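Close look at the chain arrangement
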Amino acid sequence: MSAVAADSVALAPTDYLLHLADNALVLGQRNAQWCGHGPILEEELALANMSLDLVGQARLLYDLVARRAADGSTEDTYAYWRDASQFRNYTLLELPHRSPLVGYAQGDMDFAITVMRNTLYTALMVPLWQQLCDCSDPDLAAIAAKSLKEAQYHLRHACDWLVKLGDGTDSSRQRMQGALEHLWPYTAEFWVSGKLEALARSAGLLVDGAALESSWNAIIDAVLEQATLTRPPAPEGYVSEGKVGVHSEHLSFLLAEMQSLARAHPGAQW
Amino acid sequence: MPGARQAAMPEEESIWTLLEQVSDPEIPVISLLDLGVVRQVKVDAQGWLVVITPTYSACPALSQMANDIVSTLQRAGWGPGRVQTQLAPAWSTDWISPRGRDRLREYGIAPPAPIHSQASDGARVLHFLPRKPLAESVPCPRCGSEQTTQTSRFGSTACKALYRCLSCREPFDYFKPY
């Protein structure tokens, strides 16, 4: 890995790096639930491959945080030994692959939710990684350059499905519109400029919220139009706060599954 | 691999030569040099140093590559040394050598099309053409026909997609441009 940056270089704040890493890890883990249950073999491969990319991005970021902390922590410390309230991911990414039910209820996974969420998230990450490629933190810029290539490929894939299913049969169209309306309010969290964004800006990271929002809107509007879906009105009311550690009930279940092995065998090597 | 190989000292030359024998763990017909992942070779007071760059963020072959480099160099009598990972500049399939491309094709994997220089200045609107086949044509590595179609955007490893030849009817892997 490249050496720690020189004095003149502003480093990304730890919380912001963890936010980027947690987004990737949580969605990677969530989408990996399709492994063995994919609607078709090719999509099974696609979801597993995309999860692998996301977990890879998370590992690079956790590793960077751990090296800078220089306190004996490793990437595993961040992935396996933090609890839900310490995760900084958007709430959108932890939701199950189905319409609302109480946290412990069982329901079939709905591919419409998966496709819609991947599109909403990746349409944010493509322009964000693009911005971060030129940021003042050289290590983060290097990770952004790799992640951007992967995100662009993921976005193409997600949008293909969105158009196929949105402009598909009556039933598939209805499910895609339903997924859009279910997930839409959670995207409001993307645009709330809070402590996390202030920290990133004061560290000299070029996170231009307005440019990001207009890029995201352009991508989403174009793909929804092709998919003949209707963009819901701007969400009102409660705005989710996953990025500051206030999560839905679903994250703990997801983490329990992901972390139980590492916690049952602390320090084990495999 | 543009820019990676400089005028080297004799020891460094022989390490470069040895690295030609280290093949990709997943695609054994192509060497790490032809794949373009070796960025730098140096010999200093602490021994040798080989700098490699990952292909995909999560390429599981990366640690295997590092192990293979260490064991190849040690077998050849090179003492202590280390392998370092470097992320920037990000690896691109444009770094695969012409010989590497030929090897891939002979092995039945269609080599990647060149990456068109992507503007990184600011965000762009992406346009999707969902109902048309990909603009680029991927010639079949077996019969050379350009009449091929994508069956799956993702394949057996992170770096490949699945294609099918409409002329000879054989399925094949395509090394995705990255």
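For clarity, every value in this text was computed on a predicted model and none was experimentally measured.

The subject of this paragraph is the packing of helix 4 (residues 111-132) of chain A against helix 6 (residues 170-183) of chain A. Residues and elements named next belong to chain A. Between helix 4 and helix 6, the shortest axis-to-axis distance is 9 Å and the interhelical angle comes to 55 degrees. When the axis of helix 4 is compared with that of helix 6, the two are oblique. Helix 6 is crossed by helix 4, and the crossing has right-handed handedness. For the pair formed by helix 4 and helix 6, the contact residues are F111, A112, I113, V115, M116, R117 and L120 on the first element and R175, M176, A179, L180, H182 and L183 on the second. Taken together, the residues that form the contact of helix 4 with helix 6 break down as 10 nonpolar, one polar and two charged.

Okay, the interface of chain A and chain B next. Contacts between the two partners involve 36 residues from chain A, matched on the other side by 33 residues from chain B. Roughly 3200 Å² of surface becomes buried between chain A and chain B when both sides are summed, with 60% attributable to carbon and sulfur atoms. Where chain A touches chain B, the interface holds one salt bridge. D160 of chain A is paired through a salt bridge with R153 of chain B; the nearest N and O atoms lie 2.8 Å apart. Summed over the shared surface of chain A and chain B, the number is 11 residue pairs in polar contact (both at pLDDT 80 or more). Those elements that provide at least two residues to the side of chain A that touches chain B are helix 2 (41-69), helix 4, helix 5 (138-166) and helix 9 (209-226) of chain A. In terms of residue count, the dominant contributor to the side of chain A that touches chain B is helix 5 of chain A (15 residues). Along the lines of polarity and charge, the residues of the side of chain A that touches chain B split into 17 nonpolar, 10 polar and nine charged.

Residues and elements named next belong to chain A. For helix 4, spanning 22 residues, the distance from its first C-alpha to its last is 31 Å, which sits close to the expected 32 Å at 1.5 Å a residue. When you tally the buried positions in helix 4, you get 22 out of 22 residues, the bulk of the element. Taking the backbone nitrogen of A112 as reference, a side-chain oxygen 2.9 Å away marks D110 as the first, capping residue of helix 4.

This part covers unusual backbone geometry. Along the chain, A88 of chain B connects to P89 of chain B via a cis peptide bond; the corresponding omega equals -5 degrees. Take P89 of chain B: it is sitting in the loop between strand 3 (81-85) and helix 4 (98-107). For A70 of chain A, which is not glycine, the phi torsion reads 45 degrees and is therefore positive. By secondary structure assignment, the location of A70 of chain A is in the loop between helix 2 and helix 3 (75-80).

Residue and element names in this part refer to chain A. Axis separation between helix 2 and helix 4 bottoms out at 14 Å; the angle between their running directions is 40 degrees. Considered as vectors, helix 2 and helix 4 are oriented oblique to each other. The hand of the helix 2/helix 4 crossing is left-handed. Across the interface between the two elements, E43, L47, M50, L54, Q57 and L61 of helix 2 pack against F111, T114, N118, Y121 and W129 of helix 4. Split by residue class, the contact of helix 2 with helix 4 holds seven nonpolar, three polar and one charged.

With that settled, the discussion passes to the side chain of D22 of chain A. All names here are of chain A. Its place among the elements puts D22 in helix 1 (residues 14-31). A distance of 2.5 Å separates the side chain of D22 from the side chain of Y62, its partner in a polar contact. If near-sequence neighbours (up to four positions away) are discounted, D22 is found in contact with Y62, R82, Q86, F87, R88 and N89.

Criteria and cut-off values
- Residues numbered from 1 in each chain as written.
- Chains lettered and ligands numbered in written order.
- Predicted model: local features only at pLDDT ≥ 70, side-chain atom pairs only at ≥ 80, totals over all residues.
- Heavy atoms only, no water.
- Axes fitted to C-alpha atoms, helices over the stretch in contact; angles between N-to-C directions.
- Helix = DSSP H or I, 4+ residues; strand = E, 2+ residues; numbered from the N terminus.
- Parallel < 35°, antiparallel > 145°, perpendicular 65-115°, else oblique.
- Left-handed = near helix turned anticlockwise from the far one by under 90°.
- Contact = heavy atoms within 4.5 Å.
- Nonpolar A, V, L, I, M, F, W, Y, C, P; charged D, E, K, R; others polar.
- Buried area = accessible area lost by both parts, 1.4 Å probe.
- Salt bridge = Lys/Arg side-chain N within 4 Å of Asp/Glu carboxyl O.
- Polar contact = N/O pair within 3.5 Å; in protein donor to acceptor, adjacent residues only side chain to side chain.
- Expected span 1.5 Å × (residues − 1).
- Buried < 20%, exposed > 50% of the residue type's maximum accessible area, 1.4 Å probe, protein only.

Interpretation note: all reported values are geometric properties and have no functional meaning in isolation.
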